[in-house]
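# Tertiary structure, described
Below, each chain spelled out in residue letters.
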Amino acid sequence: MISAARAPHTGRLDALAVDGSTEGDRVLLTVRGELVRGCAQPLTRALAALPTGVAGVDLDASGVTFLDTAGLAALDTLSEYGHRRQVPVRTTGWRGQPRRVLELAGLDPVDPLGAALPAGLFARTAPAVAREHAEQTEQLNLLRLEIGQLRRAMDSRPVIDQARGVLMAAHACTPDQAWEILREASQRSNTKLRHVASAVTASAAPDGPAPPEPLRTALAAAVRRAGTAVSTAGRAPRESCGRSPARAARRAAG
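Predicted, not measured: the structure shown is a model, and the values here were computed from it.

Reading guide: rules and limits
Residues numbered from 1 in each chain as written. Predicted model: local features only at pLDDT ≥ 70, side-chain atom pairs only at ≥ 80, totals over all residues. Heavy atoms only, no water. Helix = DSSP H or I, 4+ residues; strand = E, 2+ residues; numbered from the N terminus. Buried < 20%, exposed > 50% of the residue type's maximum accessible area, 1.4 Å probe, protein only. Areas by Shrake-Rupley, 256 points an atom, 1.4 Å probe, with all protein chains shown as cover. Expected span 1.5 Å × (residues − 1). Pairing = 2+ DSSP bridges. Right-handed = clockwise from strand over helix to strand, strands pointing away. Salt bridge = Lys/Arg side-chain N within 4 Å of Asp/Glu carboxyl O.

Along the backbone of the chain there are 8 helices and 5 strands. Listed by position from the N terminus, the elements making up the chain come as β-β-β-α-β-α-β-α-α-α-α-α-α. Across the 254 residues that make up the chain, the buried fraction comes to 39%. Total accessible area on the chain is roughly 14,000 Å²; 54% of this is exposed by carbon and sulfur atoms.

Leaving glycine aside, a negative phi is the common case for residues, and trans is the common case for peptide bonds. A positive phi angle is found at Gln-86, which is not glycine, with a value near 60°. In this structure, Gln-86 sits in the loop between helix H2 (73–85) and strand S5 (89–92). Positive phi outside glycine occurs at Asn-190, with the angle close to 55°. Secondary-structure assignment places Asn-190 in the loop between helix H5 (175–189) and helix H6 (193–203).

Counting along an α-helix, one turn takes 3.6 residues, and residues three or four places apart therefore face a common direction. With 15 residues, H5 should cover 21 Å at 1.5 Å per step; its first-to-last C-alpha distance of 21 Å lies within 8% of that length. Among all positions in H5, only Ala-178, Ile-181, Leu-182, Glu-184, Ala-185, Ser-186 and Ser-189 are buried.

The first and last C-alpha atoms of helix H7 (residues 213–226) sit 20 Å apart over 14 residues, in line with the 20 Å expected at 1.5 Å per residue. Listed in full, the buried residues belonging to H7 are Leu-215, Arg-216, Ala-218, Leu-219, Ala-220, Ala-221, Ala-222 and Val-223. Positive phi appears at Gly-227, one or two residues downstream of H7, with a value of about 80°.

Here we take up the pairing of strand S3 (residues 26–35). By the bridge criterion, 8 bridges tie strand S2 (residues 16–23) to S3 in an arrangement that is antiparallel. Looking across to S3, one finds that Thr-22 is bridged to Val-27. Direction of pairing for S3 relative to strand S4 (residues 56–67): parallel, over a ladder of 9 bridges. Among the inter-strand pairings, Val-27 is bridged to a residue of S4, identified as Val-57. Considered for its hand, the β-α-β crossover made up of S3, helix H1 (residues 40–48) and S4 is right-handed.

Bringing the pattern of salt bridges into the picture now. According to the stated counting rule, one finds 12 salt bridges in the structure shown. Residue Arg-225 is joined to Glu-184 by a salt bridge in which the shortest nitrogen-to-oxygen separation is 3.4 Å. Of the two residues, Arg-225 is situated in helix H7 and Glu-184 in helix H5; the sequence distance between them amounts to 41 residues. Residues Arg-216 and Glu-213 are paired through a salt bridge, measuring 2.3 Å at the closest nitrogen-oxygen approach. Of this pair, Arg-216 and Glu-213 are both found in helix H7, 3 residues apart, which corresponds to roughly one turn of the helix.

Laid out in structure tokens, this is it:
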């Protein structure tokens, strides 16, 4: 037997699927999908289709991917069936988010029907589930922000490495000194580091544009602070950090 309910957020027919099989005089129900509002209906239909004389029902919930407080009504449906037919009903295999909801509800996540369901279960559980959902959403947003920052950092890395090479060739400085020059120039000029690196790299090209005056001044100050040998910042407009990186790079190369 297979029964399904429409997902409340998409309207698809695969929110909940219930498969049934028999093992002797016991029935095994396998549930897959989301236990949400309305899920009790397909489960009720599946239970109603069971043959008479069933000695017990085992429900495998390992395929349940999401459970909300409205979905807890499925436990009431199963418990009611067991009391009406006077047969044991077990639900096992809970994991992930559904298992956590059962724990918040104060139920045994191994077999939540092993004891009588407490009164006011849904009303008592809803605030805790909503609070945890809000916390998980906040954590997810923080992770997305961190991933975005890491991606931007990865995109910026090549041009920053190129700018460090330009500064190393122009001023005979170490890689660490070149990094400090870029970082300090970024702070002094209130310019993003990748934009500083792009300006330095562009200025190293033949007839490349010099960085804007505020940035050029900040670079010159950063170079002086790093203790490298530089010219004054008032040289020709083409110069970067007081000296043409392209010219210095050519000299260093040959």
